[in-house]
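Observations on chain architecture
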Amino acid sequence: MEDEKQSIVLFPFMGQGHIIPFLALALQIEQVNTNYAIYFVNTPLNLKKLRSSLPSYSSIRFLEIPFSSSSHGLPPDSENFDTLPYHLILRLYQASASLQFKSSFKEAIQALTARCHGRPPLCIISDIFLGWTANVAKQLGVYHAIFSGTGGFGLACYVSLWLNLPHRNVVAHDFSLPDFKEGTVQLHKTQLPTNIAEADGEDDWSIFQRENLSAWVDSQSLLFNTVEEFDQIGLSYFRRKFPGLHVRPIGPLVLRLKTRDRIGNTTGVITRETILKWLDSKPSNSVLYVSFGSMNTISSSQMMQLAKALEASQKNFIWVVRPPIEVDINSEFNGKEWLPEGFEERNRATGRGLVVQNWAPQVEILSHRAVSAFLSHCGWNSVMESLGHGVPLMGWPLAGEQFFNAKYLEEEMGVCVEVGRGKKSEVNSEDVVKKMEEVMEEKKEIMRRNVEKVKETMEKAWEQRESFNGSSAKSFHDFLSDAQQNHQQTSDAKEWREMER
Ligand code: UDP
């Protein structure tokens, strides 16, 4: 039998960019209240990785659901989209949705309930791409919340695009998004992720997204890793479009674990210690950090231009590299072929740059005084980590809602300058150098001031000095109260039914 604690079940989608904010959420819940038993649901390989990376102080538990990648047409042992080429990503999404039919998730929750003396979990918090779990929770009488690791504005644009495919009805390259105040959100066709640009409403991506989003109505709460004060346009979109859901920003949730605790790969020869020592040797505010997140990469010609720009700019830099899009993502990085001749040797000799393969200790890098700016794909975890450490961004969105994050950060928040767009666009090293100078020199002061304001807002959001005065702390408290109320009502109703029998 399990202990007497109430359980909270977390179910992230199978990708590092999703698992990381869920882990941050789990650790935050543990910190706020130690009276909950937190269960992380996922497939065997993801849980195996996670188990070895949890900090020793955490008491998170695991619920494994069986998964055979090959029976879904995926390569053996593929349970995470970080190791999949683009054309197989949709298959992982479809495979995740099939978990509802095999009842394995439902059975796992029922087994947990039985182990807890028949007491169901307090709530199930699942990923934005696992909408079907809301229906399972409904069947079991458990409170359900969707947790978005991405921000309100980015996700609002993404959802609006999938629900309406507005770009299909216009010839022009610019168009406005429906469901927002007329003309307030203007997009350009180059800002569309490939699957949305190619969607016609009947393709497999559209079908997956339509089914996923329509399943959200069975949920009760929509939690965001963002802050009310700077994300109102996006949050109010969800309040209008999903009136049955309580929309609750509870960010920033940032995972502050050391590299060896992280869940990425560290195949490169440069260690965490080398990177931190190298940063220590650099002047304050002098280093550009370049990374495209846990799963994305750019084309070989873009890589060449970016390398030339880094060299021509004479800035200090750390660049996390992965093989270009033309090559198998799991292959070895070949600097001789994909970088200018002698690039790595010259940088080693001058000490100006570090080229790190696959994975770097991002949060530690961003928190170092030497870092001046972050050239990022604008995945939301990276954005929150950067802003939370007062570091302005250079945006180079590549997929998903990253295009809209970059747009919002630049146009509404003044903390980012877009430097590239997409994996296929032409990039010219001279333009990139100009943008580097803009962010790291000409606009440095104003951007730093803007970022500092955002950072302060983020710090205040979780303030709990006198009860719950921070907006995220209050939102989170309200969410837990709702779940408790629902739990109480369900158990009262159950008792009543038993008495009547
Ligand atoms: N990350 C890291 N080291 C790397 C690349 C990524 O620690 O070399 C972490 C990063 O700190 C962030 C996450 O992986 O927490 C990436 O999430 P994000 O939303 O930025 O992008 P995604 O990987 O989902 O595209």
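Relevant structure appears above.
Residues numbered from 1 in each chain as written. Predicted model: local features only at pLDDT ≥ 70, side-chain atom pairs only at ≥ 80, totals over all residues. Heavy atoms only, no water.

Attention shifts here to the state of the cysteines. Following the criterion strictly, the structure yields 0 disulfides and no others. Considering cysteine sulfurs only, Cys378 is the nearest to Cys157, which forms no disulfide, with 13 Å between them. Here Cys378 is not cross-linked by a disulfide; its sulfur's nearest cysteine counterpart is in Cys416, at 4.5 Å. Judged by relative accessible area, which is 0%, Cys378 ranks as buried. (Disulfide = S-S within 2.5 Å. Buried < 20%, exposed > 50% of the residue type's maximum accessible area, 1.4 Å probe, protein only.)

Taken as a whole and judged by the stated rule, the model has 3 cavities of 30 Å³ or more. The calculated volume of the largest cavity comes to roughly 70 Å³. Contributing to the lining of the largest cavity are Ser291, Phe292, Gly293, Asn296, Thr297, Ile298, Met303, Trp319, Val320, Val321 and Arg322. A total of 3 residues in the lining of the largest cavity trace back to one element, the largest contributor, which is strand β11 (residues 316-321). Looking at the lining of the largest cavity residue by residue, the class counts come to 6 nonpolar, 4 polar and 1 charged. Within this model, the second largest cavity holds a volume of roughly 40 Å³. If you trace the second largest cavity, you find it lined by Trp162, Leu163, Ser206, Gln209, Arg210 and Leu213. For the lining of the second largest cavity, the secondary structure elements donating two or more residues are α6 (152-164) and α8 (204-215). (1 Å grid on protein atoms, 1.4 Å probe; cavity = no way out; pocket = protein on both sides within 12 Å on 5 of 7 lines; lining within 4 Å. Points joined across faces, edges and corners; volume = space filled by probe spheres on them. Helix = DSSP H or I, 4+ residues; strand = E, 2+ residues; numbered from the N terminus. Nonpolar A, V, L, I, M, F, W, Y, C, P; charged D, E, K, R; others polar.)

Below, the discussion takes up the pattern of salt bridges. Side chains that differ in charge, positive against negative, can pair when their charged atoms come close. The full count for this structure, using the stated rule, is 14 salt bridges. Between Asp179 and Lys241 there is a salt bridge; the shortest N-O distance is 3.6 Å. With a gap of 62 residues between them, Asp179 in the loop between β6 (174-176) and β7 (186-188) and Lys241 in helix α9 (residues 232-241) connect regions that are remote in the sequence. Relative accessible area serves as the criterion here: at 35%, Lys241 is assigned to the partly exposed category. In this structure, Arg272 engages Glu364 in a salt bridge whose closest nitrogen and oxygen atoms are separated by 2.8 Å. Of this pair, Arg272 sits in helix α10 (residues 272-280) while Glu364 is found in helix α14 (residues 362-366), placing the two residues 92 residues apart along the sequence. Just as Arg272 is buried, Glu364 falls in that class too. (Salt bridge = Lys/Arg side-chain N within 4 Å of Asp/Glu carboxyl O.)

An α-helical turn contains 3.6 residues, so a residue and the one three or four places further along point in the same direction. Every buried residue of helix α5 (residues 133-140) is listed here: Thr133, Ala134, Val136 and Ala137. An end-on view of α5 places all buried positions within 160° of arc, on one side of the element. The elements touched by buried residues of α5 are β1 (6-11), α4 (104-115), β4 (123-127), β5 (143-148) and α8. Just downstream of α5, Gly141 is the residue with a positive phi angle, here 70°. (Arc of directions from axis to C-beta. Contact = heavy atoms within 4.5 Å.)

It is worth stressing that arrangement in space is one thing and function is another; only the former is reported here.
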